[in-house]
Amino acid sequence: MQNFTSLRARPATAKSARLRPPVPRVLAVGVALAWCGLPLAALAQDAAAPSAWDAPPALRSSPLLQEKIPDAVRSQLPVFVKGDHISGQTDLNALIEGNAELRRGDTVIRADRLDYNVPEDLAKANGKVRINRAGNVYEGTALELRVEAFEGFFSDARYRFLATQAHGDATRVDFVDRYRAVVHNGTYTTCERGNEESWQPDWVLRAATIRIDNEEEVGTAEDAVLEFKGISVLPIPYITFPLSEKRKSGLLPPTIGLDSRDGVTYMQPYYWNIAPNRDATLRAALMTKRGANVGGEFRYLEPTYKGQISADVMPTDRLRDRVRWSFSGKHEGAFDTAIGGLGLNLNLNRVSDDNYWRDFSRATEQLRQRLLPNDAILSWGRNDMSATVRTLKWQTLQDVTSPIVPPYDRMPQVQWRYNPSQLGGGFDASVELDTTRFEAARALTGQPNADRSYAMAQISRPFLSPGGFITPRLQLHATQYQFDSALSNGQRSASRTLPTFSLDSGLVFERDTAYFGRAFLQTLEPRAFYTYTPYRDQSMLPVYDTAANDFNFATIYTENAFGGNDRLADNNLLTLGVTTRLLDPDTGAQAARFGIAQRVRFSDQKVTLPGGTPVSERLSDLLLGAGINWTPQWGFDSTVQYNPKTGQSIRSTIGARYSPSNYRTVSAAYRLQRGTSEQIDIGWQWPLNDLWGDKGKDLGPGRGQGGGRWYSVGRLNYSMKDRKLVDTVVGFEYDSCCWIGRVVLERLQSSVTSSNTRLLFQIEFVGFSRLSLGSSPLDSFKQNVPRYQNLREQVSTPSRFSNYD
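Residues numbered from 1 in each chain as written. Predicted model: local features only at pLDDT ≥ 70, side-chain atom pairs only at ≥ 80, totals over all residues. Heavy atoms only, no water.

## Things to note about the overall build of the protein chain
Spelled out, the test is: Under the scheme used here, helices are H or I runs from DSSP no shorter than 4 residues and strands are E runs no shorter than 2 residues, and both carry numbers assigned from the N terminus. The criterion used for residue contact is that any of the two residues' heavy atoms lie within 4.5 Å. Note on areas: these come from Shrake-Rupley sampling with a 1.4 Å probe, and a residue is covered only by the protein chains present in the view.
Within the protein chain one finds 5 helices and 46 strands. Expressed as a percentage of contacts within the protein chain between residues at least 6 apart in sequence, the contacts between residues at least 24 apart total 49%. Of the accessible surface of the protein chain, which amounts to about 42000 Å², a share of 56% is contributed by carbon and sulfur atoms.

Right, here's the structure in full:
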């Protein structure tokens, strides 16, 4: 058995003088040498000679293992060698023959024969040579290497990189330094090598030169060709590719599309990694039926602000015979000053014309809408006070077949709020002042523009205890309007002042219980909420920013039935509800929740939105809710608005999901809004191999029987009222260990009368690049399929110690 000993511990000795007499400067089997500034003559002394090194070594603490060895430490590391036969000269060289090994820091060299020159730190090896450099492995027949500088060359080499598990072979590898190498006549692939001699990878990059930069974690190939299934699919004069998940500058995979509107489309993006906190993507596209398009996106991230800017321009679009352009930008920032905290938020979106949303299906989702916001908010806050100045201007993309009434611009809106945090007696209070200029085209809105100001003050006194709460609250809301033109009654101004009183109360009961053999902490939480607002005739007031609140568990316990400040509902009603929950006694996780609530109205509600119907029913619809998460794999959630008089549900949302493991999820939802819509929504991601028994539970993606796995991915949204599919995303993924194929048919409704249909295709060469036909199917899956998981999402960086030998 070989031993492995540092000379700092003790000198080499012969095991048996009868089996092999001591020979000057020839050390016995299993001896290890270390050059630490000590003379070689002392290391080759006779075994019989006495030495102080025979004493047991002194133990000392060792630092934790480090992924990267600091440069200051690396130059001081000792060199260890071992082998069947070792000979050498003092401070000059060592010749190791048979199972030769040299180790220094994170570099290990093994060979049949190894000659190490001490002054030049030069190792020459031949035979079966193998280098492990921080987990990256090289194998070949002949090596010359300066160990510390890691300069030299390797002949007839094979290599495997730790971060990507990519490998290949070459006629020669030149090591430039510790981080860089040049591969001549090399190959590059992430396909697992088979044992058979005739093995061929599914895909491989063959190049005259491949430059490896492990410092920047980037590979560069020149005069290359990409082969797939033995067929040359793409000649590549020059390309860069990642050696890790780290961002890098370079050309991104091109996108090729074909459709009846654009013709053949070729888009080539370029990624610019400007700094760790800034980057840009430049893109150019050519559409045979429409013309050329150029654009880009810039992103930035600083400690106190972040944002992104994107723009595209088509100088001449033959489809519309005009210049087409788009711009979008987002900015979020906050910083402290001597007068308080300041913030600036921007959300800017603009396009050239009304048809942009239908003609550019590859634009961002925000620019595919017909209402584009341009919003700027400057905020200030100090202690208990805050203020904002806001401008909001909408771009409305009109369609003659489906016109839109544009929302009002806010040019500007100024708001001030005071919320004292320390009031005596346990009181909570706040004051809010707001003045807004509302502007829009009167020919489309039918209402005058106006300046609206309001003041809203409230005070409450919460009484809290572990078993319940009571919160009385009093509000006063005063509003003043100044119109550009007279209303139908001749008035050019209007005002309104209304008080509101509310009383919120609830109890919480708990008990230990068990269901289906499982222990729970069960709660019972009854709640009562009363609110009163007197009636004021508001029918003459225009509506600028107000809409009816949705009827759900979040709004049923609120004072106003409207969102906004143009309507204050006249309320005299009591809301009663009860909720029960099942909680895990150890973790507090909610396993189940059931709730019911209903409003009792003591007087008719008269205040409505224009065209609305007053509410006169004494009892509102019942609101029923349930949520069950009995296990992490199963989930169920539902909300039903039920009318006891008609015996029908007015609105229902029922959803369920099943996610037993990674890459296996099914979700279904039923949504009903009686008289308006009724839809069924189904989404899924599931391995088709499960159908024929190849579960692959322990192997992971791409590692099932036969080396590949099929996945079905999709989402279907079906309108039962219209008896047609509204949105359709149906696709397949094939994971063959080192490459993934994706194909998807996507049909998404863009308006009441129009939809966009696309066939998308993509091949991902794992650890290298992606080639797409049309837009990316991967992006479509992420946007449309609930809980979709990328088959190749890396969660951690491989450690060099995982490939340590």
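## Comments concerning the nonpolar core
Filter applied, for reference: In these notes, a set of buried Ala, Val, Leu, Ile, Met, Phe, Trp, Tyr and Cys residues joined through side-chain atoms within 4.5 Å is what counts as a nonpolar core. Under the scheme applied here, a residue whose accessible area is under 20% of the maximum for its type counts as buried, over 50% as exposed, and between as partly exposed, the area being computed with a 1.4 Å probe on protein chains only.
Val-173, Phe-175, Tyr-188 and Trp-203 are the most contacted members of the largest nonpolar core, which has 52 residues in total. When residues of this core are assigned to their parent elements, the largest contribution, 5 residues, is made by strand E12 (residues 203-213). Contacts of Phe-175, omitting those with residues within four sequence positions, involve Ile-131, Tyr-138, Leu-143, Leu-145, Phe-150, Glu-151, Gly-152, Phe-153, Phe-154, Arg-180 and Ala-181.

## Some details on a nonpolar patch on the surface
The test is simple: To count toward a patch, a residue needs a relative accessible area above 30% and no salt bridge. Like charges then connect within 9 Å, nonpolar side chains (Val, Leu, Ile, Met, Phe, Trp, Tyr) within 5 Å. By salt bridge we mean one thing: a side-chain nitrogen of Lys or Arg within 4 Å of a carboxyl oxygen of Asp or Glu.
A cluster of nonpolar residues, Leu-423, Phe-427, Ile-459, Phe-463, Ile-470, Leu-474, Phe-501, Leu-503 and Tyr-532, forms a patch on the protein surface that exposes about 760 Å² of accessible area. Positionally, Leu-503 belongs in strand E30 (residues 493-507). By relative accessible area, which is 33% here, Leu-503 ends up partly exposed.

## A closer look at the packing of aromatic side chains
As a reminder of what qualifies: Paired rings are identified among Phe, Tyr and Trp, the last through its six-membered ring, by centres lying within 6.5 Å, and are further divided according to the angle between planes into stacked (under 30 degrees), edge-to-face (over 60) and tilted (the rest). Two limits define a charge over a ring: the Lys NZ or Arg CZ must be within 6 Å of the ring centre, and within 35 degrees of the ring normal.
Taken as a whole and assessed by the stated rule, the structure comprises 28 aromatic pairs. Taking the centre distance of 4.8 Å and the plane angle of 50° together, the rings of Trp-710 and Tyr-734 count as tilted. One end of the pair, Trp-710, is in strand E42 (residues 709-719); the other, Tyr-734, is in strand E43 (residues 724-735), and 24 residues separate them in sequence. One residue, Arg-133, lies across the ring of Phe-150, its end atom 4.6 Å from the ring centre. The residue whose ring lies beneath Arg-172 is Phe-153, and the NZ or CZ to ring-centre distance is 4.2 Å.

## Notes on the environment of Leu-372
Here Leu-372 lies in strand E23 (residues 371-382). Classification of Leu-372 by relative accessible area gives buried; the value is 0%. With 44 residues separating them along the chain, Leu-372 and Ser-328 place their C-alpha atoms 9.6 Å apart. In this structure Leu-372 touches Asn-349, Arg-350, Val-351, Gln-366, Leu-367, Lys-393, Trp-394, Gln-395 and Leu-397, once residues within four positions along its chain are discounted.

## What to know about unusual backbone geometry
In the segment running from Met-411 into Pro-412, the intervening peptide bond is cis, with an omega of -5°. One non-glycine residue, Asp-321, lies in positive phi territory at about 55°. At Arg-723, a residue that is not glycine, the phi angle is positive and equals roughly 55°. With respect to the helices and strands, the residue Arg-723 is situated in the loop between E42 and E43. Arg-723 sits in the exposed class, given a relative accessible area of 69%.

## A closer look at the environment of Ala-149
Position of Ala-149 relative to the elements: it lies in the loop between strand E8 (136-146) and strand E9 (151-160). As for Ala-149 and Arg-178, which are separated by 29 residues in sequence, their C-alpha atoms are 6.2 Å apart. Residue contacts for Ala-149: discarding those within four places in its chain leaves Asp-177 and Arg-178.

## Structural notes on helix H5 (residues 777-784)
To be explicit about the condition: Arc definition: directions from the helix axis to the C-beta atoms.
Among the residues of H5, Pro-777, Leu-778, Ser-780, Phe-781 and Asn-784 are the ones counted as buried. Looking down the long axis of H5, one finds its buried residues gathered within 160° of arc, a one-sided arrangement.

## Quick look at the state of the cysteines
Threshold: Our working definition of a disulfide is a cysteine sulfur pair at a distance within 2.5 Å.
For the structure on display, the rule yields 1 disulfide. Paired through a disulfide, Cys-191 and Cys-738 show a sulfur-sulfur distance of 1.9 Å. Taking the torsion about the S-S bond as the criterion, the Cys-191 to Cys-738 disulfide, at about 65°, is right-handed. Taken together, the residues Cys-191 in the loop between strand E11 (180-188) and E12 and Cys-738 in the loop between E43 and strand E44 (739-749) connect sequence positions 547 residues apart.

## Quick notes on the pairing of strand E17 (residues 263-275)
Condition: Any two strands with at least two DSSP-identified bridges between them are counted as paired.
Note that strand E15 (residues 250-251) and E17 share 2 bridges and pair antiparallel. The residue bridging Gly-250 from the neighbouring strand is Tyr-271, located in E17. Two elements, strand E16 (residues 255-259) and E17, share 5 bridges in a ladder whose sense is antiparallel. Each bridged residue has a counterpart across the sheet, and for Thr-255 the counterpart in E17 is Met-267. Where E16 hands over to E17, the hairpin turn is made up of 3 residues, counted between the paired strands. Pairing of E17 with strand E18 (residues 278-287), which is carried by 9 bridges, proceeds in the antiparallel orientation.

## Looking at the side chain of Gln-447
Quick note on the threshold: In protein, a polar contact means a hydrogen-donor-capable atom and an acceptor-capable atom, both N or O and within 3.5 Å, with residues adjacent in sequence counting only if both atoms are side-chain atoms; elsewhere, any N or O pair within 3.5 Å suffices.
With respect to the secondary-structure elements, Gln-447 resides in the loop between helix H4 (442-445) and strand E27 (450-460). A polar contact of 3.1 Å, which involves the side chain of Gln-447, links it to the side chain of Tyr-408. Not counting the four nearest positions on each side in its chain, Gln-447 is found in contact with Tyr-408, Arg-442, Pro-542, Val-543 and Tyr-544.

## Observations concerning the pattern of salt bridges
Scanning the entire structure with this criterion turns up 49 salt bridges. Between Glu-227 and Arg-206 there is a salt bridge whose closest N-O contact spans 3.2 Å. Here the residue Glu-227 occupies a position in strand E13 (residues 218-228), and Arg-206 occupies one in strand E12, the gap between them amounting to 21 residues. Two residues, Asp-375 and Arg-390, come together in a salt bridge whose shortest N-O distance is 2.8 Å. Of this pair, Asp-375 sits in strand E23 while Arg-390 sits in strand E24 (residues 385-396), placing them 15 residues apart in sequence. Its relative accessible area of 13% is what places Asp-375 among the buried residues. Among the charged side chains, a network of salt bridges with common partners joins Asp-262, Arg-290, Asp-317, Arg-320, Arg-324, Asp-353 and Asp-359.

## Considering the side chain of Asp-690
Take Asp-690: it is sitting in the loop between strand E41 (677-687) and E42. Accessibility expressed as a relative area gives 11% for Asp-690, which makes it buried. Reaching out from Asp-690, the side chain makes a polar contact with the side chain of Arg-709 at a distance of 3.4 Å.

## Brief notes about the confidence of the model for the protein chain
Cut-off, in case you're wondering: Confidence scores labelled pLDDT are given residue by residue by the predictor and lie between 0 and 100.
On average, residues of the protein chain score 85 in pLDDT, and 88% of them are at 70 or above. Between residues 1-53, whose pLDDT stays under 50, and residues either more than four places distant or in other chains, the model counts 94 contacts. Segment residues 696-706: pLDDT under 50, and 21 contacts once partners within four positions in sequence are set aside and those in other chains are kept.

## Some thoughts on the pairing of strand E22 (residues 340-351)
Sheet topology places strand E21 (residues 322-337) next to E22; 12 bridges connect them, and they run antiparallel. Note that in E22 the partner of Ser-328 across the bridge is Asn-349. Between E21 and E22, which follow one another and run antiparallel, lie 2 residues. Sheet analysis places E22 next to E23, joined by 7 bridges and oriented antiparallel. From the neighbouring strand, Asn-347 faces E23, where its bridge partner is Asp-375.

## A short note on the environment of Trp-686
On the secondary structure map, Trp-686 appears in strand E41. Considering only alpha carbons, one finds Trp-686 and Tyr-788, 102 residues apart in sequence, at a separation of 9.8 Å. Not counting residues up to four positions away in its chain, the partners in contact with Trp-686 are Tyr-658, Pro-660, Tyr-663, Arg-664, Thr-665, Val-666, Trp-710, Tyr-711 and Ser-712. Polar side-chain contacts of Trp-686 include one of 3.2 Å to the side chain of Asp-690.

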